[in-house]
Amino acid sequence: MAPPRRVDLRLVPAALVAWGAAWACTGPAAPWAQTVSAGALLASVGVGVGVGATLARAVSRARPPRAVRSVGTHAVLLLVCLAAVALSAHAQTARQLPLRELAAQGARAELVGRVASEGRPATFGAGTRWVVSVREISARGTGSDATGLVEVTSDGPAPRYGATVAVAGVLRSLPAGDGPLARLAAAGPVVERAPPHAVLRATHVLRSALLDVTASLSPQARGLVPGVAVGDTTRVPDDVDQAMRATSLTHITAVSGGHFAIVVATLTLLCALVRAPRGVRVAVVALVAAAFVLLVRPEPSVLRAAWTCAAALLGVALGRPSSGAPALAAAATVLLVVDPWLARSYGFVLSCAATAGLVLLAGPLARRLAPWTGRPLAFALAVPWAAQAACGPVLLLIDPHVPLLSVPANLLATPALVPATVLGLVATLLAPWVPGLASAVAWLAGVATGWIATVATTFAAVPGARLPWPGGLLGAAALALLTATGLALVLRRPPGEGWRREWREAAPRTVRRMRRGVRRRVRRAVERHGRGRASAAAGLAGLAGLALLAALVLTVPRLVAAGHRAPPDWQVVACDVGQGDSLVVRSGPAAAVVVDAGPDGADAGRCLDRLGVTTVDLLVLSHFHADHVGGLAGVLRGRTVTSALVSRLDAPAAQAAAVRAELAAARVPVRTAAADDTGTAGQVAWHVLAAAGGSTDGRGERAPSGRTGSGEADGANDASVALELRTASGLDVVALGDLEEPGQESLARTLAGTGRAADVDVVKMAHHGSRSQSRALARLLSPRVTLVSVGAGNTYGHPTDDALELYGSVGSALVRTDECGTAALVSRGDEIGLACG
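Now for a quick tour of the structure.

Cut-offs and rules
- Residues numbered from 1 in each chain as written.
- Predicted model: local features only at pLDDT ≥ 70, side-chain atom pairs only at ≥ 80, totals over all residues.
- Heavy atoms only, no water.
- Helix = DSSP H or I, 4+ residues; strand = E, 2+ residues; numbered from the N terminus.
- Buried < 20%, exposed > 50% of the residue type's maximum accessible area, 1.4 Å probe, protein only.
- Phe/Tyr/Trp six-rings, centres within 6.5 Å; stacked < 30°, edge-to-face > 60°.
- Lys NZ or Arg CZ within 6 Å of the ring centre and 35° of its normal.
- Pairing = 2+ DSSP bridges.
- Axes fitted to C-alpha atoms, helices over the stretch in contact; angles between N-to-C directions.
- Contact = heavy atoms within 4.5 Å.

With that settled, consider unusual backbone geometry. With omega at -5°, the peptide bond leading from Ala651 into Pro652 counts as cis. The amide bond that connects His798 to the next residue, Pro799, takes the cis arrangement and shows omega of -10°. The residue Pro799 is located in the loop between β22 (785–788) and α24 (801–809) in this model. Of note, Ser248 is a non-glycine position whose phi angle comes to about 60°, a positive value. Look at Ser248 and you get buried, because its relative accessible area is 13%. A positive phi angle, close to 80°, is found at Arg297, a residue other than glycine. The residue Arg297 is located in the loop between α8 (278–296) and α9 (300–317) in this model.

Written out as C-alpha cells, the structure reads:
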C-alpha cells in the first residue's frame, strides 16, 4: 500500500477550543463562560500586538524563528475562536430572551416564524411535531421581535418546510440543549402567512413525488428508499428501524458525509467523461451540493458535510487540494461560531466524530490489515472499524449498549448504499415528470435497500448482538479508554523499520503456511491412525457440536427474554399491575423509589424484577386502599427497602394495620408523611406536596370524612401522599395518588402560591383517570407526559373521557397501562421516549 502521509492537524486545536467554548456558553455556566471568553478577545488583541512587535523586532535583525511565528499564530487563532464563539452565543442568547421568559412563565402566545423542519409523528398520541424558527411573538397584548426554535405539536399534517406560519398556544420551557428552547401545543389551526420560496417549493414537490411513487413498494422499500435518497425516515418500519439501530446502520438514512461523497464522486466522474475544466467541475459540484442540502434539509450532520465539502472545493479551486483533517476542522469551527448550540447536537457530534475517525484511523488500520486480507478487504474493514471506534463512546450516551456486530454488518450493508443512493436520487428527479419510470427506478433502489434491511434484521437477531454497558459519562469514558488501548496495540510501530518491512512481507507467507500445515496434519492423522480413530474423532467433534447447539438452545430463550426488558436507561416506569398503582422512579443502577405496590398479587414484584431493582431507596404508600398496597409482599421479597413513607390516615383501619405489621416484620423504618417534607433517596430528590389527614373542602381545609366523588366513604383518597420527584437526568415527576377533585383543587392553590411543580415532565394521573379531576391543577402542572395506571376492562369506567380530554388539552401525551402495558420512559437529550411491554 502507499506509504502514509503526514496528517495536517494544525487547525484541530482551534476546532477543539471552539467546541469547548460553545459547550460552555450554551449550558448552565453560560454567563460565566461568556464573560471569560469575552476577556479572551482582549487577550487575543494583546497577544497579537505582542507577537507583531516580536516579529517586527526579529525582522529588523534577522528572519524570525519559525517556532516564534508558529506559536504566536496559533495563540492568536485560539483566542480569536474562543472570543468569536462567546460573542456569537451572547448575541443570540440576548435575542432569545423574550421567548425564554414567556416559556418559563407558561404564557399563551402567538408565534410567527419560518418552518424549520419536516413534520414527524408526535412522540405520543396523534398529530405531528415540527419546529418553527420564531421571528415575532405576541403575548399579553404586546408583540416583540424574538428569535429561537420552538417545537410545535399540531393536529393534521405539518406545514411545508420554509413556509412562514402563525400558530398560537401555551409555551412550555424545554431543558437546555441543541434544539428548541420551548414547546407549544397548537390550540387552533396553523395559518400559513407566506409560502416557501421557489427553490424550497421545488424540493417539496420532489420529496412529495418520491413518497408517491414509492407508496406501492414493499414496506422496507417504502421507508428506506426515501430515507436513503432524501433523509425522510417517517415510513421506515419499526422493526427495521430498531434493527438498524442495533447494528449501527442508522447512518444509511441519516444523510451526511457518505451521501455527499457518493454525489460528489458521481458528478466528478461525469465531468471527467466530458473533460470539463477544473473551474467548471468546481462550479458544478458546488451548485449541486447546495441543491442537495436544500433537498435533504440542513440538519446538523448535513451542514457539517456541506461545509467540509466547501472547504475541500475551495482548496481545489485554488490549486491546493486540502486533506480531510483541515477541511473538517475548518468546517466545524465556522459552524460552531455561527451556531454554538451545535456543540450539544448528537447528530453534529457523531458526524464530526465519524469523519475524524475515517480521516485519522482508516488508513493506518487498512495498512495493518492489508498483509493479511489484501487491500480491498482491508479498506472495507477499516472504514466501519474506524467509524465505530470514533462514534462508540458518543453513541453510548444515547443508548447504553455496545453493538458487537456493527463492523461485519456495515461491511455487508454499506456496498448497497451506493446504488440505493444513486437510484433513489434519480427516482426523485424523475418522479414529478415521469412517475411510471420513477417507480421502476425506485423499485431497483428498493432491491438495494432490501439487502440493507436483510443484513440489519439478520444481525440484530443474533443473540448477544448488543452488549449492555454502563451509561453516562463514566461508561463513555471507559469505552473510550478501552478503544484507545485496543487501537494502540493494533497500530503500534514494531521496533525497527527493517523488522517492520520483514513482518509485512512475511505475513502473507505465514497465513499460507498455516493453512497448508492444518491440511497436512489432518492427512497424516488419517494415514497414521486409520479410519477408525478418525471416525471416533469425528464422532467426538459431532458430540461437541451437539453440546454447543444444546447450550445455544438453552441460552437463546433467556437472551430473548432479556431483550424484552425495559430499556436499560429507563427513568420512570408505570408498572402494569391491572386496576391499581405502582410507579417506579430510578434512583441508582439497581435502585428505585417505588410509589405504591399495586393490588394483591405478584405483578408489582415481577415488574421490579424485570427492571433489575434490588434496592428500594424509598417506598411511598400514598394511602392504604388495597389497589395501592395489596402487592406489598412482592415488593419486599428479595429486596432491601431503606425506608417507607405512608399516609397519615389509617383507613381502612384493618388494611393499614396489616401494612404496618408487614413493614415492621421486614424491619423497614416507617415515617408518616407531612406536607413540605423533603429528602433524597439515592439519586432522586423528593418533596411531599400534600399529605392531608382526610378529604378537604373547597377552601383546602380538612373536611369531615365522607363520601367523595369516587364513591369512597373513608376519606383515604384525599389523604393520599402527593409528591414531586426529580430524577438524576432532570425529569420532574409528580405522583398524585388517588386525590379527588377537592384535594386537587387545594393542592393547585398551594402550588400556585409557591410556584413549585409547574410545567413538570411527567404526572401520574390521580385515581386512575376518574372523572374527579381539577382543571386548575392540570393547567398548572402541564405535564409533557401523563401516565394513567388502569386495568383493562375495569368496571369503573376508568379512565374517563373527561379526564383524558382535560390532560390532552394542556398538550400532554397520554400513556395508559391498559393499552401500553408496563410503560417505561427514558430521557435522551430533550426527548422523552416511551417503551411499552
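Attention now moves to the packing of aromatic side chains. Using the criterion set out here, one finds one aromatic pair in the structure. Taking the centre distance of 5.5 Å and the plane angle of 40° together, the rings of Trp19 and Phe348 count as tilted. With a gap of 329 residues between them, Trp19 in helix α1 (residues 12–25) and Phe348 in helix α11 (residues 346–373) connect regions that are remote in the sequence. By relative accessible area, which is 0% here, Phe348 ends up buried. Across the ring face of Trp23, the terminal group of Arg344 is positioned such that the distance to the ring centre comes to 3.9 Å.

Below, the discussion takes up the sheet that holds strand β17 (residues 678–681). Taken together, the seven strands give an open sheet; going across it, the order is β17-β18-β19-β20-β21-β22-β23, and neighbouring strands pair in mixed fashion. Whereas interior strands pair on both sides, the edge strands pair on one side only; in this sheet they are β17 and β23 (813–816). Strand-to-strand, the axes of this sheet are offset by a mean angle of 20°, without reference to chain direction. With five bridges connecting them, strand β18 (residues 684–690) and strand β19 (residues 722–726) associate as antiparallel partners. In the strand pairing of β19, Ala690 is matched with Ala722. Packing of α24 onto the sheet brings it into contact with β21 (762–764), β22 and β23, and relative to β23 it is tilted by some 140°.

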